[in-house]
Protein chains: 2
Amino acid sequence: MTALEQLIEALKRLPGVGQKSAQRMAYHLLQHDRDGARAIAQALAAAASQVRLCERCHTFSEAPVCEICSDTRRDASLLCVVETPADQAALERSGSFQGYYFVLQGRLSPLDGQSTQAIGAQQLLARAAEPAVQEVILATSFTAEGEATAHVLGEALRARGIKATRLARGVPVGSELEYVDLGTIAHALVDRR
Amino acid sequence: MTALEQLIEALKRLPGVGQKSAQRMAYHLLQHDRDGARAIAQALAAAASQVRLCERCHTFSEAPVCEICSDTRRDASLLCVVETPADQAALERSGSFQGYYFVLQGRLSPLDGQSTQAIGAQQLLARAAEPAVQEVILATSFTAEGEATAHVLGEALRARGIKATRLARGVPVGSELEYVDLGTIAHALVDRR
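Residues numbered from 1 in each chain as written. Chains lettered and ligands numbered in written order. Predicted model: local features only at pLDDT ≥ 70, side-chain atom pairs only at ≥ 80, totals over all residues. Heavy atoms only, no water.

Draft legend 1. Summary view of the overall build of chain A. Assigned secondary structure in chain A consists of 8 helices and 6 strands. Each helix and strand of chain A, ordered N terminal to C terminal, gives the series α-α-α-β-β-α-β-α-β-α-β-α-β-α. The C-alpha radius of gyration computed for chain A amounts to 21 Å, which surpasses the reference 16 Å derived for 193 residues by more than 25%, pointing to a less compact arrangement than a globule. Here the C-alpha coordinates of chain A stretch approximately 60 × 45 × 35 Å along the principal axes. Here chain A holds 193 residues, and the buried ones make up 42% of them. Looking at chain A alone, contacts between residues at least 24 apart form 46% of all its contacts between residues at least 6 apart. Chain A carries 20 positive and 22 negative side-chain charges, and their two centres are separated by 1 Å. (Helix = DSSP H or I, 4+ residues; strand = E, 2+ residues; numbered from the N terminus. Rg over C-alpha atoms; globule rule 2.2 N^0.38 Å. Buried < 20%, exposed > 50% of the residue type's maximum accessible area, 1.4 Å probe, protein only. Contact = heavy atoms within 4.5 Å. Lys, Arg positive; Asp, Glu negative; His and termini not counted. Charge placed at Lys NZ, Arg CZ, Asp CG, Glu CD.)

Set out below in structure tokens:
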């Protein structure tokens with residue numbers, strides 16, 4: 001394979017990038033932006049070697065403990081459980097949560113061999129057992145696997161006497177009822193307040 | 001900026017990749033495919049330093065002269081002019097052209113300061129003047145700029161007594177007339193044979 005073919009093959013490892021997009025990216029970088037190619041190469045190598053997981057919450061961090069976990073002004077009584085660092089970043093951008101996070105290593109998926117062990121349930125139970133924690137908010141996805149994960153973790157937490165709640169299900173802000181799917185409407189009715 | 005933020009910024013230099021896609025790519029690579037991150041970094045760096053332009057046709061090549069230009073079995077009487085290495089690769093995949101290529105450095109775009117000099121017209125005229133060349137096929141894009149480029153280059157070639165032709169315009173293979181745009185139908189009528 002030539003260097004160009006190897007580059008196209010490598011770019012196909014990016015999520016959502018197939019043969020056509022990879023070709024377009026490779027041709028664009030080589031023809032118009034070689035500095036960009038070098039910048040991306042450098043940033044990838046740096047991130048792959050420098051970014052690790054926070055010892056406390058398991059999100060991405062360059063330090064042993066991430067910025068949020070190091071921030072003592074946050075509310076230690078609340079612990080929010082998410083599936084991925086990306087989910088944590090989305091919650092943090094909403095600006096509506098002041099507690100701490102715990103990032104799972106994915107979600108339960110028995111078919112893919114993702115057990116409660118593999119997603120870090122043991123570490124979560126240890127973290128949630130710290131005296132300061134009053135409530136664990138399960139913010140896994142509202143998919144079948146995310147719901148199953150929340151269910152299993154919720155049972156385990158409650159068995160240890162720890163209060164576990166789930167994010168509210170309902171109609172998204174800004175949407176017209178006519179276009180909302182029926183499952184969401186049914187849940188919004190059941191969970192009405 | 002953290003290494004993660006720098007990676008997201010760098011990935012946004014890829015064509016068609018905005019903030020959201022860049023985030024998704026960065027999170028995916030760091031969480032599931034660090035080997036992929038390193039492989040892409042390595043392939044980018046290698047391609048940026050090893051891939052240069054063929055001295056003869058100006059397509060991407062690792063050798064001073066590309067494989068096609070080095071292939072003496074091709075038809076030296078035909079020279080096909082394209083805008084980019086990607087266009088050349090598409091023509092080559094069609095398997096319907098056995099001559100040699102000349103890759104322009106883009107297309108005429110006076111507003112962006114792309115003059116005939118900048119796209120390599122001088123080198124094209126020198127290459128087309130070689131005794132073996134009987135016909136130059138102008139295969140620039142069928143956009144306003146591509147058409148203008150073909151027109152200017154065609155005039156210059158004919159002024160030097162070199163035969164210059166253009167790819168046929170018409171109805172794409174596999175399309176139903178009902179859904180073909182009117183400009184294409186008009187051209188297909190004029191160019192009927």
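Having seen the structure, we can now continue with the description.
Draft legend 2. Molecular detail of the interface of chain B and chain A. Opposite the 46 residues of chain B that make contact, chain A presents 46 residues. Between chain B and chain A, a total of about 4,100 Å² is buried, with carbon and sulfur atoms accounting for 69% of that surface. Of all residues in chain B, R13(B), L44(B) and F60(B) give up the largest surface area on contact with chain A, accounting jointly for 16% of the area buried on that side. One can count 2 salt bridges joining chain B with chain A. Here D33(A) makes a salt bridge to R13(B), at a shortest N to O gap of 3.0 Å. Our count for the contact surface shared by chain B and chain A stands at 10 residue pairs in polar contact (both at pLDDT 80 or more). Where the side of chain B that touches chain A is concerned, the elements lending two or more residues are helix 1 (3-11), helix 2 (19-32), helix 3 (34-50) and helix 5 (85-94) of chain B. The element contributing the most residues to the side of chain B that touches chain A is helix 3 of chain B, with 14 residues. Its residues assigned to classes, the side of chain B that touches chain A shows 27 nonpolar, 9 polar and 10 charged. (Buried area = accessible area lost by both parts, 1.4 Å probe. Salt bridge = Lys/Arg side-chain N within 4 Å of Asp/Glu carboxyl O. Polar contact = N/O pair within 3.5 Å; in protein donor to acceptor, adjacent residues only side chain to side chain. Nonpolar A, V, L, I, M, F, W, Y, C, P; charged D, E, K, R; others polar.)

Draft legend 3. View of the packing of aromatic side chains. The tally for this structure, following the rule as stated, stands at 4 aromatic pairs over all chains. Summarising the aromatic geometry, the rings of Y27(A) and F60(B) are spaced 5.8 Å apart at their centres and angled 15° between planes, so their arrangement reads as stacked. Highlighted residues: Y27(A) in helix 2 (residues 19-32) and F60(B) in strand 2 (residues 60-61), drawn from two different chains. Each member of the pair, Y27(A) together with F60(B), is buried. (Phe/Tyr/Trp six-rings, centres within 6.5 Å; stacked < 30°, edge-to-face > 60°.)

Draft legend 4. Layout of the pairing of strand 3 (residues 75-82) of chain A. All names here are of chain A. Both strand 3 and strand 4 (residues 99-103) contribute to a ladder of 5 bridges, which runs parallel. By the bridge assignment, C80 is partnered in strand 4 with Y101. Handedness of the β-α-β unit built from strand 3, helix 5 (residues 85-94) and strand 4 comes out right-handed. The sheet contact formed by strand 3 and strand 5 (residues 135-138) spans 4 bridges and is parallel. Residue pairing across strands places V81 opposite L138, the latter belonging to strand 5. (Pairing = 2+ DSSP bridges. Right-handed = clockwise from strand over helix to strand, strands pointing away.)

Draft legend 5. Region of the structure containing the sheet that holds strand 5 of chain A. Residues and elements named next belong to chain A. An order of 4-3-5-6 is seen for the 4 strands of this open sheet, with the pairing classed as parallel. Edge positions in the sheet fall to strand 4 and strand 6 (163-166), since each has one partner strand and no second. Averaged over all pairs of adjacent strands, the angle between strand axes in this sheet comes to 25°, irrespective of strand direction. As paired elements, strand 5 and strand 6 share 4 bridges and run parallel to each other. The residue bridging I137 from the neighbouring strand is T165, located in strand 6. Lying over the sheet, helix 5 contacts strand 3 and strand 4, oriented at roughly 160° with respect to strand 4. Contacts between helix 7 (residues 144-159) and the sheet are confined to strand 3, strand 5 and strand 6, with strand 6 contributing the most and set at about 160° to the helix. (Axes fitted to C-alpha atoms, helices over the stretch in contact; angles between N-to-C directions.)

Draft legend 6. A look at the sheet that holds strand 6 (residues 163-166) of chain B. All names here are of chain B. Strand order in the open sheet formed by 4 strands is 4-3-5-6, and the pairing between neighbours is parallel. Looking at strand neighbours, the two that pair on one side only are strand 4 (99-103) and strand 6, the edges of this open sheet. Within the sheet, the average angular offset between the axes of one strand and its neighbour, ignoring direction, is 25°. Sitting on the sheet, helix 5 is in contact with strand 3 (75-82) and strand 4, with an inclination near 160° to strand 4.

Draft legend 7. Representation of the relation of the copies chain B and chain A. For these two chains of identical sequence, chain B goes onto chain A by a turn of 180° and a shift of 0.0 Å along the axis, with RMSD 0.0 Å. What the superposition gives is, in effect, a two-fold axis relating one chain to the other. Judged by C-alpha distance, A41(B) is the residue of chain B that lies nearest the rotation axis, at 2.0 Å. Looking at chain B, 100% of its interface residues are interface residues in chain A too, so the copies touch through the same face. (Least-squares fit on C-alpha atoms with pLDDT ≥ 70 in both.)

Draft legend 8. Main features of the UniProt feature "zinc finger region: C4-type" (unreviewed entry) in chain A. The positions that UniProt labels "zinc finger region: C4-type" (unreviewed entry) are, in the present scheme, residues 54-69 of chain A. Across residues 54-69 of chain A, the secondary structure splits into 19% helix and 12% strand, with the terminal C-alpha atoms separated by 8 Å. (UniProt positions renumbered as here; feature names shortened; annotations may be inferred.)

Draft legend 9. Expanded view of the pattern of salt bridges. Applying the stated rule across the entire model yields 20 salt bridges over all chains. Here R56(B) and E130(B) are joined by a salt bridge, their closest N and O atoms 2.9 Å apart. Note that R56(B) is positioned in the loop between strand 1 (52-53) and strand 2 and E130(B) in the loop between helix 6 (121-128) and strand 5 (135-138), a separation of 74 residues in sequence. You can call R56(B) partly exposed: its relative accessible area is 32%. Shared partners join several salt bridges into a network, and the residues in it are R56(A), R127(A) and E130(A).

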